Each structure stands twice: as structure tokens, then as C-alpha cells.
Amino acid sequence: MKRILFFLWIMGGSFGVGAQQKKMDIDLKQIWSGHFDERRYVVHLKNQSPHFAWIQTDSASGPQVILSLDFNTARIVDTLFSNQIKRESDSLPITFTYFQDFGFSPDDSKILIRTQIEPVFSLSEKSFNYVWDTEKKILQVVSANGKQLYPSFSPDSKKLAYILDANLYLMDVEQNNTVPITIDGEADQFIYGMADALYENGFGMTKAYEWSPDGNHIALLRFNENTVKNYPLTYYGRAYPEVKSQRYPLAGEMVPEVKVFVYDIANRLFIPIDVGLNPDQYITGIRWSPDNKSIWVQRLSRSQKRLELLKADIITGNTRVLYTEEKPDSYITVFPENIRFVEDGAAFLWKSEKDGFNHLYKINSETGADTVITQGNWEVFDVEMTDDVHNEIYYTANESGSRQKQLYKINYDGRGRTKLTSGVGYHDVWISNDKRFFFDAYSSLNVPPVYQIVSTSGKEQKKLIENKELNERLKDYKIPNASVFTFSVNDTTTINGWLIRPYNNSRERLPLILYVYGGASHQEVTDRWGDKFTLTMRWLANQGFVVACIDPRGTPGKGERFRKSNYNKPGDIEIEDLLKAKAYLVKNYRIDSSRTAVMGWSYGGYLAALAQTKYAGHFKSAIAIAPVTNWRFYENVYAERLLSMPGENAEGYKNASPVNFANNYTGGLFLVHGTADDNVHLHNSLELSRQLTDNGKSNFEQHFYTDKTHNLSDGTPNILRMNLYTRISEFLRRELNVR
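Residues numbered from 1 in each chain as written. Predicted model: local features only at pLDDT ≥ 70, side-chain atom pairs only at ≥ 80, totals over all residues. Heavy atoms only, no water.

1. A word on the overall build of the chain
Thinking step 1. Tallying secondary structure elements over the chain gives 11 helices and 46 strands in all.
Thinking step 2. Relative to a compact globule of 739 residues, whose C-alpha radius of gyration would be 27 Å, the chain shows 26 Å and is just as compact.
Thinking step 3. Seen along its three principal axes, the alpha-carbon backbone of the chain occupies a region of about 70 × 65 × 65 Å.
Thinking step 4. Here the chain holds 739 residues, and 59% of them are scored as buried.
Thinking step 5. Of the accessible surface of the chain, which amounts to about 30200 Å², a share of 46% is contributed by carbon and sulfur atoms.
Thinking step 6. Treating the 85 positive side-chain charges of the chain as one cloud and the 88 negative ones as another, the clouds have centres 6 Å apart. (Helix = DSSP H or I, 4+ residues; strand = E, 2+ residues; numbered from the N terminus. Rg over C-alpha atoms; globule rule 2.2 N^0.38 Å. Buried < 20%, exposed > 50% of the residue type's maximum accessible area, 1.4 Å probe, protein only. Areas by Shrake-Rupley, 256 points an atom, 1.4 Å probe, with all protein chains shown as cover. Lys, Arg positive; Asp, Glu negative; His and termini not counted. Charge placed at Lys NZ, Arg CZ, Asp CG, Glu CD.)

Right under this line is the structure:
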């Protein structure tokens, strides 16, 4: 179920600094209490008609409905569901106070309604779920025994599978009965049909089961967590703090054992799939063949240098290696949802960076022979749709520029590449089932989203929301634009960045704040509109700073060589790029070189901590939020991908960890962490604090947010984020001498 989250802003449009009326100052309370907030709409495309549907809420009376709109006419055609349902036999309506998401069954006859959604790990969510039969007008509870994860309909729309308490269940929607497929699942021990926290954080893997195309079988993974050591997390909201355990394999420690099974629904039989007996391996994806006779399994070595694609017979469980990728000098980038079958299953599309950039290949399903489809010094993001009738692939890529995302169409043979989106910037797209239209959420760095329906032929374009009201609201405030820049770090490599000066732009030399993430999973510098965070950076600039952000080497978007340039030695190249960014900005943007700071979160927090320890003296101050300070303290998938096994690269782990350079520290560090962070544990900041103290360093500040996780957030109004950025502003004003 692909969810579209787009924001129909209560305000609207692009903004600038040239209006004549007296403008007001923007403040954190406005940003984080919703004054500039968007009205959030959740949208899904129907499977059997060229319609999309969304949740419409009447803020005055409270009812919620799901409305459907026709791509062809851009008109509302139906009301599919209401949270106030009344049947003739009911004395009172069934009322949801609020429902947050929904999805369609394959034949569109049923709608899955999701309520009370809450996070599980970094990506996964659980919720209470209901099935609404659009023809019979009947609402069924999926389970009253707890919140479920990853509910999905069978291909014939008559059954629903879901995860509850680490077990996989099967609900017969027509008969309204449920049976467990597994019974020995238990959190932190055996987990069925869903990825554990390690796989979710390390590979972006979530749902770990899949229906066969005929609906007669389900392929699933079982995670044995008993081999993984427990890590304690302490919660302080009571007289005696509560200690909870989390399975968390540190670098070099044992990983979970993962097995693959196929479940025969009619015979209630499990068929084990042979993936080998090696405990030091990862199973990073499963996919059914269209003929229902086999499944495909991704098997990754512990070193992450070898990825094998196994084809398994579902009757015998026997497997053979059909396709292999190897990267002996670095690591394989894994895409858990990689396989997409074409040509009636005779071949499948496969995304790989084996030529140096993420590109599409067509793999023969019997021989494993591959054919190049896309190529060039740019990267494919995702396959959005395939069309076997016309032999066409719709995909998104950054061919137009590494900060952009555009939609393209290409033939299976790699010919006829056509760009379908227009407008420089970032396009998130969803294509109708008949391939005639796509829904386009388009924005750029200083232009909030425009939502439109676009014809894939390029002949029609119908704007739905242009955000004119937002334009009028933003014009009332002193909100500076962001500008983009690039600079060279060597003869062949350039770095992207954006920069914000105060709205009241004086001629004096200003202090610089360099924000960075820098990790291999995310670009900060894209040509798209940001929401609260970017507005916060604009607010921070108005406090008297130049705020800039760069994507150093080690980040995605510019190919394998750029992203893997820090392999086995993270930190050094990124700091080198930060220092070159500082020099470039000081030279070109009236910046006081003696008043510069670096700020980052997570991997960016790690770089900020490294800047003030190993590279002390280059920046006046740094804000390190939730930083890794010792790579031996971080989970093994990510740490070993960057640095190999600790026993193979002990010197690399030592040289990359800020805790080993505490004696270099001279001042200017602000250390921030949530005490319940289950991704980068508090241990990291506490150990850096201890090392600084043991080395006689007292001129650093630290703040710990009680019982808060890695995201450091508490909803709307987000008091915690207001507190965090107020503290950051006060610290920087003191450190960089801003009055």
C-alpha cells in the first residue's frame, strides 16, 4: 500500500522580500505551533479506475470522509467512507474520533481504515484497523487484541494478513474470522513477517511477508533475535525508573538469524526455503514470481560486499543463485523492494549502482543475464510504474541535476527516454492505473508545493492547488529566501549547498552556521520546499547569522564514487568539505571567518562533535545533536558498512571516533541528546562528556531531554523543538558574539 502524504497549505505560493507593507518578525512559536502549518491530506490511488481519493475533514463539525476524484475530469465523483456510519439496525452511528490513513483492496471493493497510528521503529507504524465494504456498507474490526502492523489484502480482496505481537495472522474478510499463521512469535525473540529494528534502520526494510499472485501462499521471514545482545533503555517518568531492553547488535556483535518460509494457506503447511546456514548473513528482500512457482530472495554477506539473488522452488524449498553483485573494495547498496517483473515474468527490473550510478537493468528470469536500460552520470530514484502493453517504464531520476527529481518514461530496450515533468525542482509523482495521468506534487527551494494532474502524453495539465493563500500569509513576515551555491573540492568534484542571509541584510560581516547531515542515506540540499525545519533555519538567520547547508562527499545523489569516498575512514573527507565550504563562503558572502559554527543531527551531530575534537580550532563552536561519538557503540549494519568489522579495521574505528580526540578540544561544544534514543544511544554523548571531563575540559555545554527518542519531538504545539532551537540560538549568540 503506497501512501501519498501531501500538504494542502492553509496559506499558498512562492514568496519574496520585495513587498512594501510593514512586515512582522517570524518566531519559533508560530513555526512549531502551526501558524504556518499545512492542512494535511492523505491520498491513495484506486487500483481499478483512474481515480485518486483523499481524507477530507470538516474542521467545524468534525466528520471525516474519503472523497474520490477522477483524473480525467479533475472533479469529485464519490464519497467512499464517512467516520459517522449509521445502518438501519444501529441505534447510534459508529463514530471514529479521527482516522489517519486508508488503503484500497486490489479490486477497490474494500477500504482499510487506519486509526491511532503510532511509530514502532524508525519507519514502521502500528494502528487499529477496520475494513469497510463499499458495496455491503459493513465495517469490520480487524482485531481488538492490539494494534497491528502491515495489514495487506490478498490478491482477490477476500482475505487480509497482518502482524500482531510479532505473529502473522490471516483474516477471512468474507467470513469475518481470523486464524494465526504463526504462534510462537514474541517481541525481542522470534519476529514473523516484519523486519526488526536493525534491518529497518540499516536497510530501510519494513514489511517482511508477501502474498503470492494467486493468493494461495504467503512468503515470510522469521527473525530470531535471541542471538542478539540486549541493550538497556531507561525511562524516568516514575519514582523507580523503568528499564526496557532492546535487541541491538553493536559493531562486531552477533546479528539476528533470519529464515525464509512459504506458507501454504489451504494445507496450513510451512515450506522452509534454503538460504544457507551461515549465521553471518542478511536476508534483505523477498519477491514472488508471477507464475506462483518460485520466490526470489536477496542474500547479503555480513561484509556487505556480496549480494546474491536466489531463485527458490516453493515445493522443495531448493534454491539456486541466479544473479550476483560484488564490491570487493567497498560495499553493495541494497534495495529491499528491488525486483519488478516485466514481460509476463520473463524478466524483471533491477536497480544497481554497479556502473557507478544507480541505474535500471533488465534481468532474464531464467539465465540471470542483464541488459542496461538507463545509463549516465545521474541516478534513478524509483520505478513508479511499468506498462507491458507498450513496453514502457515510468521512473524518477535526477538526470536534470543532482538537486532535482523528475519523472521520465523509457522503453524496455533503453530507447525513447522522455521527460514528463516540467519545472525545475522536485516532483513527487503517482501514476494512474491506466497510465494516462499522474498526480504531481511539485515544489522548489523557495516555492511551496503545487499539486496538479498531468497527462503522460504532455498535452494536459490541471492544477488543483496553487497555494495562493500561503503566498499572502508569508508576505506579511520577514522570511528570507534561500539561494543555492556550488564549489569545487578538486578538479572533478563539486559540492552543492544553500545559503540564507538575514531578511534585513546588512553590509557587515556576519557569523556563519554550517548545517550538515552528511550520511549516505539522505540529501539535505535538494531543490524542494521544506516545512518547519527550513522555516526554522530562516528564523535562525534572522537572529543575525548566515545559515548555510552542504551535502559533503559521503552523501547520495552524485554516484557511487562520491557517496563511498569516506569508506573505511568516515569523518575526514566530510570535515575537509566543511572547511572548504567555510573558506568559499567567507570569500564570497561577507562572513566573519573568526565566528563560524557547524551544526548537525545524528550523522551530522557526529561530524559536529568530530569538528570540535579531532579538528579542534577550525570552528569557533559546534552543536552536536544525538551524535555517534564512538563507532563501536553503533549498530553493526551501518557501522560495518562504513568501517568493515572492528577486527579488520581497528585503526579506522579509532580514528573516526570523537571520544578518542577529547584531549584536542579547546571549547565551543553544545551536546544534545534524548535519554531514550533507541537509534544513537545516549551512551555516545555520555562517553564524550566523560572523556572531555577526564581530560580536564570544562568549557562545554550539554543538555539531555528526558525520555525522548532520536527525533526529539513531541507533537503540535512542539514545545520540545521550540525549547531546542531557543537553546541553540542562545548558545550561538553567546559563542559567536551576536548582540
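Continuing now.
2. Let's talk about the nonpolar core
Thinking step 1. Ranked by internal contacts, the top residues of the largest apolar core, which has 58 residues, are Tyr199, Tyr209, Leu221, Val260 and Ile295.
Thinking step 2. Setting aside anything within four residues of it in sequence, one finds leucine 221 in contact with Ile191, Tyr192, Gly193, Met205, Ala208, Val258, Lys259, Val260, Ile283 and Ile286.
Thinking step 3. Val598, Ala624, Tyr638 and Leu643 belong to the second largest nonpolar core, which has 53 residues in total. (Core = buried A, V, L, I, M, F, W, Y, C linked by side-chain atoms within 4.5 Å. Contact = heavy atoms within 4.5 Å.)

3. Thoughts on the environment of alanine 166
Thinking step 1. Within the secondary structure layout, alanine 166 lies in the loop between strand S13 (159-164) and strand S14 (167-172).
Thinking step 2. Considered as a pair, alanine 166 and glutamate 353 are 187 residues apart in the sequence and their alpha carbons are 34 Å apart.
Thinking step 3. In contact with alanine 166, other than residues within four places in its own chain, are Gly185, Glu186, Ala187, Phe190, Ile191 and Tyr192.

4. Describing helix H10 (residues 683-694)
Thinking step 1. Over its 12 residues, H10 extends 16 Å from the first C-alpha to the last, a length consistent with the 16 Å expected when each residue adds 1.5 Å.
Thinking step 2. Restricting attention to buried positions, one finds in H10 the residues Asn684, Ser685, Glu687, Leu688, Ser689 and Leu692.
Thinking step 3. Close packing links the buried residues of H10 with helix H7 (603-612), strand S45 (669-674) and strand S46 (700-705).
Thinking step 4. Glycine 696 occupies a position one or two residues after H10 and carries a positive phi of about 75°. (Expected span 1.5 Å × (residues − 1).)

5. Re the pairing of strand S44 (residues 621-625)
Thinking step 1. With 5 of 5 residues buried, S44 is to be regarded as a mostly interior element.
Thinking step 2. Of the two faces of S44, the one lined by Ser621, Ile623 and Ile625 and the one lined by Ala622 and Ala624 are each fully buried.
Thinking step 3. When strand S43 (residues 591-601) meets S44, the two strands line up parallel, connected through 5 bridges. Residue pairing across strands places methionine 599 opposite isoleucine 623, the latter belonging to S44.
Thinking step 4. Taking the sense of rotation as the criterion, the β-α-β connection linking S43, H7 and S44 turns out right-handed.
Thinking step 5. Of the pairings in the sheet, the one linking S44 to S45 comprises 4 bridges and is parallel in character. Bridging across to S45, isoleucine 625 finds its partner in valine 672. (Pairing = 2+ DSSP bridges. Right-handed = clockwise from strand over helix to strand, strands pointing away.)

6. Remarks on the sheet that holds S13
Thinking step 1. Taking strand neighbours across the sheet as the criterion, the 4 strands line up as S12-S13-S14-S15 in an open arrangement whose pairing is antiparallel. For this open sheet the edge positions go to strand S12 (149-153) and strand S15 (177-180), each flanked by a neighbour on one side alone. Neighbour to neighbour, the strand axes of the sheet diverge by 20° on average, direction disregarded.
Thinking step 2. Pairing analysis gives 3 bridges linking S12 to S13, with the strands arranged antiparallel. Bridging from a neighbouring strand, leucine 149 pairs with isoleucine 163 of S13. (Axes fitted to C-alpha atoms, helices over the stretch in contact; angles between N-to-C directions.)

7. Considering the environment of asparagine 47
Thinking step 1. Positionally, asparagine 47 belongs in the loop between strand S2 (38-45) and strand S3 (51-57).
Thinking step 2. Placed 533 residues apart in sequence, asparagine 47 and lysine 580 show a C-alpha to C-alpha distance of 50 Å.
Thinking step 3. With sequence-adjacent residues up to four places away left out, asparagine 47 is seen in contact with Phe104, Ser105, Pro106, Asp108 and Asn433.

8. Let's talk about the pattern of salt bridges
Close approach of charged atoms allows side chains of opposite charge to pair.
Thinking step 1. For the structure shown, the criterion picks out 34 salt bridges.
Thinking step 2. Between aspartate 25 and lysine 478 there is a salt bridge whose closest N-O contact spans 3.5 Å. With aspartate 25 in the loop between strand S1 (4-9) and helix H1 (28-33) and lysine 478 in the loop between helix H3 (468-474) and strand S39 (482-488), this residue pair connects regions lying 453 residues apart in the sequence.
Thinking step 3. Overall, the relative accessible area of 54% leaves aspartate 25 in the exposed class.
Thinking step 4. Between aspartate 280 and arginine 302 there is a salt bridge; the shortest N-O distance is 2.9 Å. Taken together, the positions of aspartate 280 in the loop between strand S22 (269-273) and strand S23 (281-288) and arginine 302 in the loop between strand S24 (294-301) and strand S25 (306-313) put the pair 22 residues apart, joining distant regions of the chain. (Salt bridge = Lys/Arg side-chain N within 4 Å of Asp/Glu carboxyl O.)

9. Notes on helix H4 (residues 532-541)
Thinking step 1. The buried count for H4 comes to 10 of 10 residues, which makes it a mostly enclosed element.
Thinking step 2. Restricting attention to buried positions, one finds in H4 the residues Lys532, Phe533, Thr534, Leu535, Thr536, Met537, Arg538, Trp539, Leu540 and Ala541.

10. Comments concerning the pairing of strand S11 (residues 138-141)
It is a general feature of regular strands that their side chains alternate between the two faces of the sheet.
Thinking step 1. In terms of strand pairing, strand S10 (residues 125-133) meets S11 through 4 bridges, oriented antiparallel. The partner of aspartate 133 across the bridge, within S11, is isoleucine 138.
Thinking step 2. The hairpin formed by S10 and S11 contains 4 residues between the paired strands, and lysine 137 there has a positive phi angle of roughly 55°.

11. Quick word on the sheet that holds S25
Thinking step 1. Across the sheet, 4 strands lie side by side as S23-S24-S25-S26; this open sheet has antiparallel pairing. In this open sheet, the two strands that pair with only one neighbour each are S23 and strand S26 (319-326). On average, each strand axis in the sheet is tilted by 20° relative to the strand beside it, whichever way the strands run.
Thinking step 2. With 7 bridges connecting them, S23 and S24 associate as antiparallel partners. Following the sheet pairing, glutamine 281 is matched in S24 by serine 301.

12. Re unusual backbone geometry
Thinking step 1. Of note, the amide linkage connecting threonine 716 to proline 717 takes the cis form, showing an omega dihedral of -5°.
Thinking step 2. Tracing the backbone through its elements, the reader meets proline 717 in the loop between S46 and helix H11 (719-735).
Thinking step 3. Unusually for a residue other than glycine, lysine 137 sits at a positive phi of about 55°.
Thinking step 4. Mapped onto the elements, lysine 137 comes out in the loop between S10 and S11.
Thinking step 5. One non-glycine residue, tyrosine 150, adopts positive backbone phi at about 50°.

13. Notes on the packing of aromatic side chains
Two aromatic rings, taken as a pair, are described by how far apart their centres are and by the angle between their planes.
Thinking step 1. All chains considered together, the criterion is met by 41 aromatic pairs.
Thinking step 2. Ring geometry for tyrosine 331 against tyrosine 567: centres 6.0 Å apart, planes inclined by 50°, an arrangement best described as tilted. Within this pair, whereas tyrosine 331 is found in the loop between S26 and strand S27 (340-342), its partner tyrosine 567 is found in the loop between helix H5 (560-563) and helix H6 (572-588), the two being separated by 236 residues in sequence.
Thinking step 3. With 6.1 Å between their ring centres and 50° between their planes, tyrosine 603 and tryptophan 631 make a pair best called tilted. Taken together, the positions of tyrosine 603 in helix H7 and tryptophan 631 in the loop between S44 and helix H8 (636-643) put the pair 28 residues apart, joining distant regions of the chain.
Thinking step 4. Overall, tryptophan 631 belongs to the buried group, its relative accessible area being 1%.
Thinking step 5. One cation-aromatic arrangement involves lysine 564 over tyrosine 331; the distance from NZ or CZ to the ring centre is 4.5 Å. (Phe/Tyr/Trp six-rings, centres within 6.5 Å; stacked < 30°, edge-to-face > 60°. Lys NZ or Arg CZ within 6 Å of the ring centre and 35° of its normal.)

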